[in-house]
Amino acid sequence: METGKLIIISAPSGSGKSTIINEIIKDESLRLSFSISATTRPIRRGEQDGVNYYFMTPEEFKAAIAADEFAEYQEVYEGRFYGTLKREIERINAEGRNVVLDIDVLGGINVKQMYGDHALALFIQPPSIEILRHRLLSRGTDSVEEIERRVNKAEFELGYADQYDCVVVNDVLRTAIDETHEIISRFVNAPASASQS
Ligand code: 5GP
């Protein structure tokens, strides 16, 4: 079986990205598998090592960089590193499945450049920064300082949306899920060399 395609999904934290991806990944006909990233950020309540992320100490992360184990990595928040391990992409490809990368804008743009038409870069956008702040507050998983950090980061990330192949605005969740599903379905079912239009 030919190598799987890559679907890069980037979005500001709190834009509903995880809900959308988790819904779409359920459609087994798309043969999607998550690439589990490595990170140095602390584990959150309800998360599991090796399921949500491979949680690493900064020393372990540095050693993995030195050993060239990452396809890409970024300091997404100050002192908080996140990276895609080459072996994750290889593992999913070997299973003949398509890889879903939930990564930040800089990582996303790098991977798109590396993989070209073999990758679809999708940006999920909140309707506004104010709505985003409200969603992060009601999620209740982060401190107020952390939320401000994420809102600032979101403003920065929105500036890169036009470099993505497609942008979905998550205003009404059901509509955003359907739209994202349609875009991904078209991409995974297109011949490998066809570019996204
Ligand atoms: P969170 O801490 O909320 O789980 O994730 C924060 C941000 O890190 C999200 O925007 C997510 O897309 C990004 N991220 C997660 N894994 C990776 C990765 O492997 N590489 C890059 N560049 N960003 C990542």
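Please read all numbers here as calculations on a predicted model, not as lab measurements. (Residues numbered from 1 in each chain as written. Predicted model: local features only at pLDDT ≥ 70, side-chain atom pairs only at ≥ 80, totals over all residues. Heavy atoms only, no water.)

A. How the structure looks around the pairing of strand β8 (residues 119–125). Burial analysis of β8 places six of its seven residues in the buried class, the great majority of the element. In terms of strand pairing, strand β1 (residues 6–10) meets β8 through five bridges, oriented parallel. Bridge pairing in β8 links I8 to A121. Relative to strand β9 (residues 166–169), β8 runs parallel, the two sharing four bridges. Residue pairing across strands places I124 opposite V168, the latter belonging to β9. (Buried < 20%, exposed > 50% of the residue type's maximum accessible area, 1.4 Å probe, protein only. Helix = DSSP H or I, 4+ residues; strand = E, 2+ residues; numbered from the N terminus. Pairing = 2+ DSSP bridges.)

B. Structural detail: the sheet that holds β1. Read from one edge of the open sheet, five strands run β2-β7-β1-β8-β9, paired in parallel fashion. Unpaired on one side and paired on the other, β2 (32–34) and β9 mark the two borders of the sheet. Shown here is a sheet whose adjacent strand axes are inclined to one another by a mean of 25°, direction ignored. Pairing of β2 with strand β7 (residues 98–102) involves three bridges; the strand directions are parallel. Looking at the pairing, F34 lines up with V100 of β7. (Axes fitted to C-alpha atoms, helices over the stretch in contact; angles between N-to-C directions.)

C. A look at the site of the ligand. Close to the ligand lie 18 residues, the nearest being S37, R41, Y53, E72 and Y82. Between an oxygen atom of the ligand and a side-chain N or O atom of R44, the distance comes to 3.1 Å. The side chain of Y53 places a nitrogen or oxygen atom 2.5 Å from an oxygen atom of the ligand. Taking a 2 Å distance to the grid points as the criterion, the majority of the atoms of the ligand fall inside the largest pocket. Those elements giving two or more residues to the shell around the ligand turn out to be β5 (70–77) and β6 (80–85). Here the element with the most residues in the shell around the ligand is β5; it accounts for four residues. Split into classes, the residues belonging to the shell around the ligand amount to six nonpolar, five polar and seven charged. (Near = heavy atom within 4 Å. Polar contact = N/O pair within 3.5 Å; in protein donor to acceptor, adjacent residues only side chain to side chain. 1 Å grid on protein atoms, 1.4 Å probe; cavity = no way out; pocket = protein on both sides within 12 Å on 5 of 7 lines; lining within 4 Å. Sits in = over half its atoms within 2 Å of the grid points. Nonpolar A, V, L, I, M, F, W, Y, C, P; charged D, E, K, R; others polar.)

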